[in-house]
Amino acid sequence: MEGKNSKGPAVARENLSLRGQPGRAESRDANSHQLKNLGFANRPKSLKVLLNPQSHKKEATQVYYGKVEPLLKIAGIKTDVTITEYEGHALSLLKECQLQGFDGVVSVGGDGSASEVAHALLLRAQKNAGMEIDSILAPAPAQLPLGVIPAGSTNILAHSLHGISHVVTATLHIILGHVQPVDVCTFSTAGKLLRFGFSAMFGFGGRTLALAEKHRWMSPHQRRDFAVIKALAKLKPEDCEISFLPSNSSQDLQEGRVQGSPRSGEFKSTSLRTESGCEHFALVRETKRSLPFPLDCSGQWQVIQGQFLNVSIMAIPCLCSVAPRGLAPNTRLNNGSMAVIIVQNTSRPEFIKHLKRYASVKNQFNFPFVETYTVEEVKVHPKNCNSGYNPEEEDRPHETASKSSFPWNVDGDLMEVASDVHVRLHPGLINLYGGSMEEMNDSKVTCNCL
């Protein structure tokens, strides 16, 4: 069933060409039957498509009607297309619309669009399960799989799913019904759920996005480059405390320390009270002398205090064109853990060297000021919560920021929070149309569609 917004010029031309060709529909039915016989029983028959026409260079409409829709029609998949009109439109739509007749939902746009749709599907799942949104410890999984058609500037989610940011590859995965469970994070503060997401950056990553959002009149690449340069010029660390619960495997934690910096610190014992009311033994770093974490620290909260330039929390590898190995190359789509990458305070030239490493094949974590951990939960508590951060200060240095929030970059969307943020990982919470990256890496072929 075609939505009223889904008909474009290509559809009109096809309707004209179909007149007098009664065998065309039968041919599509035959194609659909052949796919089932080949073993693609999970392929969708009907899809709800959400298209963001403002993504990147406003190419999403052309991408969908020119490349995606023709393939879906050949495969005999019905579509209902809604063109979103404002930020948050997909979220409000998916809260109320009927999805019973659909086998999946497709987002055509960038990472922000895909993340918004994933967030909406998961909120809908909690509502349908009768769960209290702000007290979710074990969220209900999304009820429909999500397809991601890359039409943004970085396309991290699509790149991480398919190993490449390619529209036709993403479309073929949807047509063939390849479904991949993916881990999702919940971001909350003061017991209130902020959102679901796949990755986040605090510090430099958040500040850069906040600056870019102030200059949306620029082209995507221009405002990204401008924001990076300006954030580097104003580079300063955040004084904060980071506490995290290591992954169940103590080997993962030890590997994380080897992959990152050999630097750790001297620890003192303290006790932390978790949200369940239980006390856990924790280790708090106070100095920068070399002393590794004990190997048997599973189930124990670890605490790090200091000055940090950037903190990355990622449940997926976050591959993209500027980081072909991924922003978090040691994590996977559904390995049940997050990568926490902490960049301590250092000089501007050293920090730039670290950033440049992402574009090369060298280990971007092989610096004495970079540390990585494999965790299940993490809390970021800025020490100067009362001061916050205000990007307006870049232009008006005498203005106070007492009521400002700290900027977070969550899947390419700006999230501003005035206090600490608690991030929990939830394994396999949503199914995305895509193949297994492990299978792609083991295979010599360059396409994993079949």
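About the cut-offs
- Residues numbered from 1 in each chain as written.
- Predicted model: local features only at pLDDT ≥ 70, side-chain atom pairs only at ≥ 80, totals over all residues.
- Heavy atoms only, no water.
- Helix = DSSP H or I, 4+ residues; strand = E, 2+ residues; numbered from the N terminus.
- Buried < 20%, exposed > 50% of the residue type's maximum accessible area, 1.4 Å probe, protein only.
- Contact = heavy atoms within 4.5 Å.
- Areas by Shrake-Rupley, 256 points an atom, 1.4 Å probe, with all protein chains shown as cover.
- Salt bridge = Lys/Arg side-chain N within 4 Å of Asp/Glu carboxyl O.
- Axes fitted to C-alpha atoms, helices over the stretch in contact; angles between N-to-C directions.
- Parallel < 35°, antiparallel > 145°, perpendicular 65-115°, else oblique.
- Left-handed = near helix turned anticlockwise from the far one by under 90°.
- Nonpolar A, V, L, I, M, F, W, Y, C, P; charged D, E, K, R; others polar.
- Core = buried A, V, L, I, M, F, W, Y, C linked by side-chain atoms within 4.5 Å.
- Expected span 1.5 Å × (residues − 1).
- 1 Å grid on protein atoms, 1.4 Å probe; cavity = no way out; pocket = protein on both sides within 12 Å on 5 of 7 lines; lining within 4 Å.
- Points joined across faces, edges and corners; volume = space filled by probe spheres on them.
- pLDDT = per-residue confidence, 0-100.
- Pairing = 2+ DSSP bridges.
- Phe/Tyr/Trp six-rings, centres within 6.5 Å; stacked < 30°, edge-to-face > 60°.
- Lys NZ or Arg CZ within 6 Å of the ring centre and 35° of its normal.

A.B. asks: Please clarify how the overall build of the chain should be interpreted in this entry.
C.D. replies: When helices and strands are counted, the chain shows twelve helices and 16 strands. Buried positions account for 54% of the 450 residues belonging to the chain. If you take every contact in the chain between residues at least 6 apart in sequence, the share linking residues at least 24 apart comes to 73%. About 20600 Å² of surface is accessible on the chain, with carbon and sulfur atoms providing 52% of the total.

A.B. asks: Honestly, the pattern of salt bridges in this entry has me stumped. Any pointers?
C.D. replies: Think of it this way: side chains of opposite charge can pair up when their charged atoms draw near. Tallying each qualifying case throughout the model produces six salt bridges. As a salt-bridge pair, arginine 207 and glutamate 238 come within 2.6 Å of each other at their nearest N and O atoms. Residue arginine 207 is located in helix H8 (residues 204–213), and its partner glutamate 238 is located in strand E8 (residues 238–246); the two are separated by 31 residues in the primary sequence. Across the salt bridge formed by glutamate 350 and lysine 353, the nearest N and O atoms sit 3.2 Å from each other. Residue glutamate 350 and its partner lysine 353 are both found in helix H11 (residues 348–357); the two are separated by three residues, about one turn of the helix. When its relative accessible area of 25% is taken as the criterion, glutamate 350 is described as partly exposed.

A.B. asks: Sorry if this is basic, but what is going on with the packing of helix H4 (residues 89–96) against helix H5 (residues 111–128) here?
C.D. replies: Relative orientation and spacing of two packed helices are given, respectively, by the angle between their axes and the distance between those axes. For the pair H4 and H5, the least separation of the axes is 9 Å and the interaxial angle reads 25 degrees. As far as their axial angle goes, H5 and H4 are roughly parallel. Two packed elements cross with a definite hand, and for H4 against H5 that hand is right-handed. For the pair H4 and H5, contact is made by His89, Ala90, Leu91, Leu94, Lys95 and Glu96 and by Glu116, Val117, His119, Ala120, Leu121, Leu123, Arg124 and Lys127, respectively. Among the residues forming the contact of H4 with H5, the class breakdown is seven nonpolar, two polar and five charged.

A.B. asks: Any chance you could explain the nonpolar core here in plain terms?
C.D. replies: A general tendency of soluble globular proteins is for nonpolar side chains to be buried together. Of all hydrophobic cores here, the largest spans 58 residues; its most connected members are Leu121, Leu146 and Ile430. The biggest single contributor to this core is H5, with seven residues. Not counting residues up to four positions away in its chain, the partners in contact with leucine 121 are Leu94, Leu99, Val105, Ala142, Leu144, Leu146 and Ile430.

A.B. asks: Any chance you could explain helix H9 (residues 220–233) here in plain terms?
C.D. replies: At 3.6 residues per turn, the α-helix brings residues three or four places apart onto the same side. In a regular helix each residue adds 1.5 Å, so 14 residues correspond to 20 Å; H9 covers 20 Å between its end C-alpha atoms and thus fits that length. By the burial criterion, the buried members of H9 are Pro220, Arg223, Ala227, Lys230, Ala231 and Leu232. Packed against the buried residues of H9 are H8 and H11.

A.B. asks: Quick question: what am I supposed to make of empty space enclosed by the protein here?
C.D. replies: Remark: the empty space left among the atoms is shown by a probe the size of a water molecule rolled over them. Evaluation of the coordinates by the stated rule reveals one cavity of 30 Å³ or more. If you go around the largest cavity, the residues you meet are Gly203, Phe204, Arg207, Ala231, Lys234, Leu235, Lys236 and Leu309. Across the lining of the largest cavity, the residue classes tally to four nonpolar, one polar and three charged.

A.B. asks: Would you mind going over the environment of histidine 159 with me for this structure?
C.D. replies: Topologically, histidine 159 is positioned in helix H6 (residues 156–162). On the basis of relative accessibility, which here comes to 14%, the residue histidine 159 falls in the buried class. Sequence separation between histidine 159 and proline 324 is 165 residues, and the spatial gap between their C-alpha atoms is 9.2 Å. Histidine 159 has contacts with Ile164, Ser165, Leu319, Cys320 and Ser321, leaving out every residue within four places of it along the chain.

A.B. asks: Sorry, what's going on with the packing of helix H3 (residues 60–74) against helix H7 (residues 167–176) here?
C.D. replies: Between H3 and H7, whose axes approach to 10 Å, the crossing angle comes to 30 degrees. Relative to H7, the element H3 lies roughly parallel. Handedness of the H3/H7 crossing: right-handed. Residue-level contacts link Val63, Lys67, Val68, Leu71 and Leu72 of H3 to Val167, Val168, Thr171 and Ile175 of H7. Of the residues in the contact of H3 with H7, the class split is seven nonpolar, one polar and one charged.

A.B. asks: Even after reading the chapter, I still don't get the confidence of the model for the chain, so can you show me in this structure?
C.D. replies: Note: predicted coordinates in regions of low pLDDT should not be interpreted at a detailed level. Predicted confidence across the chain gives a mean pLDDT of 78, with 72% of residues reaching 70 or more. Note that pLDDT drops below 50 for residues 250–295; the model gives that stretch 110 contacts with residues more than four away or on any other chain. When the criterion is pLDDT under 50, residues 396–402 qualifies, and its contacts beyond four places in sequence or with other chains add up to twelve contacts.

A.B. asks: What should I look at first to understand the pairing of strand E6 (residues 192–197) in this one?
C.D. replies: For a regular strand, side chains alternate in direction, first toward one face of the sheet and then toward the other. The pairing of strand E5 (residues 179–189) with E6 spans five bridges and is classified as antiparallel. Each residue of the ladder has a partner; that of threonine 189, found in E6, is lysine 192. Counting the residues that bridge the hairpin from E5 to E6 gives two residues, and of these alanine 190 lies at a positive phi of roughly 50 degrees.

A.B. asks: I keep staring at the packing of aromatic side chains and nothing clicks. Help me out?
C.D. replies: Two descriptors summarise a pair of aromatic rings, namely the distance from one centre to the other and the angle between the planes of the rings. For the structure on display, the rule yields six aromatic pairs. Taken together, the ring pairs in this structure connect Phe202, Phe406 and Trp408 into an aromatic cluster. One Lys or Arg, lysine 379, reaches over the ring of tryptophan 301 and ends 5.0 Å from the middle of that ring.

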